[in-house]
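Here are the chains, one letter per residue:
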Amino acid sequence: MTKPPMLTAQQALDHLLSHAQPVGESENLPMQAALGRILAENVNSLVDVPPMDNTSMDGYAVRTADTQNSGSVLKIAQRIPAGSVGTTLEPGTAARIFTGAPVPVGADAVVMQEDCNIPVGSTDQVQVNIVPVVSQWIRRRGEDLTAGKTALRAGTFLRPQELGVAASAGLTHLNVKRRVKVAAFFTGDELSLPGEPLKPGGIYNSNRDTLLACLKSLGCDATDFGIVPDNLHATRETLRKASKDHDLIITSGGVSVGEEDHIKPAVTAEGRLDLWQIAIKPGKPLAFGAVRRSDESSQSSQGEAWFMGLPGNPVSSFVTFLLFVRPFILKLQGRDANTPQSYPMRADFDWLKADRRNEFLRVKINAQGGLDLFPNQSSGVLTSASWGDGLVDCPPGQPIKSGDIVKYIPFNALLS
Ligand code: AMP
Ligand code: MG
């Protein structure tokens, strides 16, 4: 039997992304329901933001022509709290003004109250103790957003701050992509569900909770098809069911080519499959293909559901999800799916036995601003990922010495 070709992580990713197409359907949601969703179209501002020139300080609106010398005394001719509009500022006068209030016509600067005092014995005069410059403490109309211009771009993942921007632009609802629908199942006769007694020779199914939660973090609609026994019939049947209403099926386990690994023959019988060996650690085997839908009346317009089979080891399935499934899902969602952003950081550890594969080490930022390494980097030790706050992307054959600058990818950036 010929060995499948070894791909680099980038080659595998490029191949995956060349297939994925964004889902077409969108829905119109009230602002709060749109959190964590992806904008289906550009959002144009309905108004200028801010809608008028206004003050960013409590103080006095003045004409700089009247305050060319420190100590100028002006008559307080009006009072403008936030939410009300003053009148034209006459020469020689000042307006008492409060943060957010419109700057009156004629005024060209605001002096904060700390730079002013009321002359002794006066009630309607202010002494300006500085020489203000034009525009100081004035937030200009439209400096944030301009009416009719794009405030948010299609494909944007909506975080709290994007909802705020859309609200500031005057919108109540947003057109977002429908959720990507992903089915997940887990192969392995050794698996038990937490809550049940462990079978002899058994292990709890941890990939279920890790992977379903990864899907939720990305805003997918995730369906759990449970634990599937290690046989061809059960695997094929679950694939047929899962293909029906889902854009993508993911599985864990059974992607090696052992006698008990049924993913390859099952997906091949129900559709098509490539089994890749990727030169990464943890990870290595990854299956990518598609499963035909028998029921053409199903929601999706395509005749097949994408398939991605992850390795069974808990760290391997987590890391391959983050590196390959996540970008694939991002592309289905219509988001930018490039390689995850890495940051140069100092390694405060030695990793001298460099592997021939591209390794992803579980690390944590320490108080000195460097990276510590979790001592056990086995692909079965999931506590390495929960102890850690990210991965070091370690190129093949490159040992790391304490003090070296390495590529750090935070988990946070991979879970949304
Ligand atoms: P496999 O990829 O099926 O050969 O499994 C590789 C290793 O991962 C084996 O030790 C399995 O017991 C373990 N494993 C597979 N699936 C899971 C799972 N869902 N949760 C925890 N461990 C698993
Ligand atoms: Mg297995």
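Residues numbered from 1 in each chain as written. Chains lettered and ligands numbered in written order. Predicted model: local features only at pLDDT ≥ 70, side-chain atom pairs only at ≥ 80, totals over all residues. Heavy atoms only, no water.

## Let's talk about the side chain of N366
Here comes step 1: Looking at the secondary structure, you find N366 in the loop between β24 (358-365) and β25 (370-373).
Here comes step 2: On the basis of relative accessible area, N366 is assigned to the buried category, the value being 12%.
Here comes step 3: Within the structure, N366 has its side chain in polar contact with the side chain of D348 (distance 2.9 Å).
Here comes step 4: Among the polar contacts listed, one links the side chain of N366 to the side chain of D372, at a separation of 3.0 Å.
Here comes step 5: For N366, the contacting residues outside a window of four places in its chain are D348, L371 and D372. (Helix = DSSP H or I, 4+ residues; strand = E, 2+ residues; numbered from the N terminus. Buried < 20%, exposed > 50% of the residue type's maximum accessible area, 1.4 Å probe, protein only. Polar contact = N/O pair within 3.5 Å; in protein donor to acceptor, adjacent residues only side chain to side chain. Contact = heavy atoms within 4.5 Å.)

## Considering the site of ligand 1
Here comes step 1: For ligand 1, the set of nearby residues contains 13 residues, the closest of which are E190, N205, S206, G254 and G312.
Here comes step 2: In this structure, a nitrogen atom belonging to ligand 1 sits 3.3 Å away from a side-chain N or O atom of N207.
Here comes step 3: Here G312 contributes a backbone N or O atom positioned 3.0 Å from an oxygen atom of ligand 1.
Here comes step 4: Across the complex, the protein chains shield 78% of the 490 Å² of accessible surface that ligand 1 would expose by itself.
Here comes step 5: Cavity membership is defined here by more than half of the atoms lying within 2 Å of grid points; on that basis ligand 1 lies in the largest pocket. (Near = heavy atom within 4 Å. Areas by Shrake-Rupley, 256 points an atom, 1.4 Å probe, with all protein chains shown as cover. 1 Å grid on protein atoms, 1.4 Å probe; cavity = no way out; pocket = protein on both sides within 12 Å on 5 of 7 lines; lining within 4 Å. Sits in = over half its atoms within 2 Å of the grid points.)

## Details of the pairing of strand β27 (residues 405-410)
Here comes step 1: Note that strand β23 (residues 343-347) and β27 share four bridges and pair antiparallel. Residue M345 lies in a different strand from β27, and its bridge partner there is V406. (Pairing = 2+ DSSP bridges.)

## Focus on the domain arrangement of the protein chain
Here comes step 1: Each domain of the protein chain was delimited in the assignment, giving domain 1 (9-15 + 180-333), domain 2 (26-49 + 143-177), domain 3 (54-139) and domain 4 (343-413).
Here comes step 2: Once you take the C-alpha centre of each, domain 1 and domain 2 turn out to be 34 Å apart. (Domains from an automatic or database assignment.)

## Side note on empty space enclosed by the protein
Here comes step 1: Tallied over the entire structure, the rule returns one cavity of 30 Å³ or more.
Here comes step 2: Along the walls of the largest cavity sit G36, R37, I38, K177, R178, R179, V180, G219 and Q333, which together make up its complete lining.
Here comes step 3: Classifying every residue of the lining of the largest cavity gives two nonpolar, three polar and four charged. (Points joined across faces, edges and corners; volume = space filled by probe spheres on them. Nonpolar A, V, L, I, M, F, W, Y, C, P; charged D, E, K, R; others polar.)

## Observations concerning the layout of surface pockets
Here comes step 1: A volume near 610 Å³ is recorded for the largest pocket.
Here comes step 2: Along the walls of the largest pocket sit 39 residues, with P311, G312, N313, P314 and S316 positioned nearest its centre.
Here comes step 3: Going through the elements one at a time, β14 (181-187), β16 (203-204), α6 (314-333) and β24 are the ones with two or more residues in the lining of the largest pocket.
Here comes step 4: The greatest single-element share of the lining of the largest pocket, amounting to four residues, is contributed by β24.
Here comes step 5: In terms of residue class, the lining of the largest pocket is made up of 12 nonpolar, 16 polar and 11 charged.
Here comes step 6: Mapped onto the domain boundaries, the lining of the largest pocket takes at least three residues apiece from domain 1 (9-15 + 180-333) and domain 4 (343-413).
Here comes step 7: The space that makes up the second largest pocket amounts to roughly 290 Å³.
Here comes step 8: Along the wall of the second largest pocket there are 17 residues; nearest its centre are A9, T339, N358, F360 and D393.

## Re unusual backbone geometry
Here comes step 1: Each neighbour pair has its own omega, and for V49 with P50 the value is -10°, a cis peptide bond.
Here comes step 2: If you trace the backbone, P50 turns up in the loop between β3 (43-44) and β4 (54-55).
Here comes step 3: That bond from K281 to P282 is cis: its omega, 0°, falls within 30 degrees of zero.
Here comes step 4: Its location among the elements puts P282 in the loop between β20 (280-281) and β21 (285-292).

## Re the sheet that holds strand β8 (residues 109-112)
Within a sheet, adjacent strands bond to each other through the backbone by hydrogen bonds, running parallel or antiparallel.
Here comes step 1: Spatially, β8-β5-β7-β6-β10-β9 is the arrangement adopted by the six strands of the open sheet, whose pairing is mixed. Edge strands, defined here as strands with exactly one partner in the open sheet, are β8 and β9 (116-117).
Here comes step 2: In this sheet, strand β10 (residues 125-128) lies alongside β9 in antiparallel orientation, the contact comprising two bridges. Counterpart to N117 in the pairing with β10 is Q127.

## Observations concerning the side chain of T238
Here comes step 1: Relative to the helices and strands, T238 is located in helix α4 (residues 232-243).
Here comes step 2: When near neighbours in sequence (up to four residues on either side) are disregarded, T238 contacts F185, F225 and V228.

## Looking at α4
Here comes step 1: Here α4 contains 12 residues, and its C-alpha end-to-end distance of 16 Å stays within 8% of the 16 Å for a straight helix at 1.5 Å per residue.
Here comes step 2: Within α4, burial applies to A234, T235, T238, L239, A242 and S243. Along α4, the residues classed as buried sweep out an arc of 155° about the axis, all on the same side.
Here comes step 3: The inward-facing, buried residues of α4 abut β14, β17 (221-228), β18 (248-252), α5 (263-270), β21 and β22 (304-310).
Here comes step 4: Capping the start of α4 is the job of one residue whose side-chain oxygen sits 3.2 Å from the backbone nitrogen of H233: N231. (Expected span 1.5 Å × (residues − 1). Arc of directions from axis to C-beta.)

## A few points about the nonpolar core
Here comes step 1: Formed by 49 residues in total, the largest nonpolar core has its most connected members in L248, I250, M308, F321, F324, F328 and I329.
Here comes step 2: Looking at this core, the elements that each hand over two or more residues are α1 (9-19), β14, α3 (207-217), β18, β19 (271-278), β21, β22 and α6.
Here comes step 3: The leading source of residues in this core is α6, at 12 residues.
Here comes step 4: Counting the residues that make up this core, at least three belong to each of domain 1 (9-15 + 180-333) and domain 4 (343-413).
Here comes step 5: Discounting residues that sit within four places of it in the chain, F328 has contacts with L16, L17, A20, L248, F288, W306 and M308. (Core = buried A, V, L, I, M, F, W, Y, C linked by side-chain atoms within 4.5 Å.)

## Here's the deal with the packing of α4 against α5
Here comes step 1: Closest axis-to-axis distance for the α4/α5 pair is 9 Å, and the angle between their directions is 45°. What the angle tells us is that α4 and α5 run oblique. Both α4 and α5 take part in a crossing whose hand is right-handed. Here L232, T235, R236, L239 and R240 of α4 lie close against α5, whose contacting residues are I263, P265, A266, V267, A269 and E270.
Here comes step 2: Residue classes in the contact of α4 with α5 are distributed as seven nonpolar, one polar and three charged. (Axes fitted to C-alpha atoms, helices over the stretch in contact; angles between N-to-C directions. Parallel < 35°, antiparallel > 145°, perpendicular 65-115°, else oblique. Left-handed = near helix turned anticlockwise from the far one by under 90°.)

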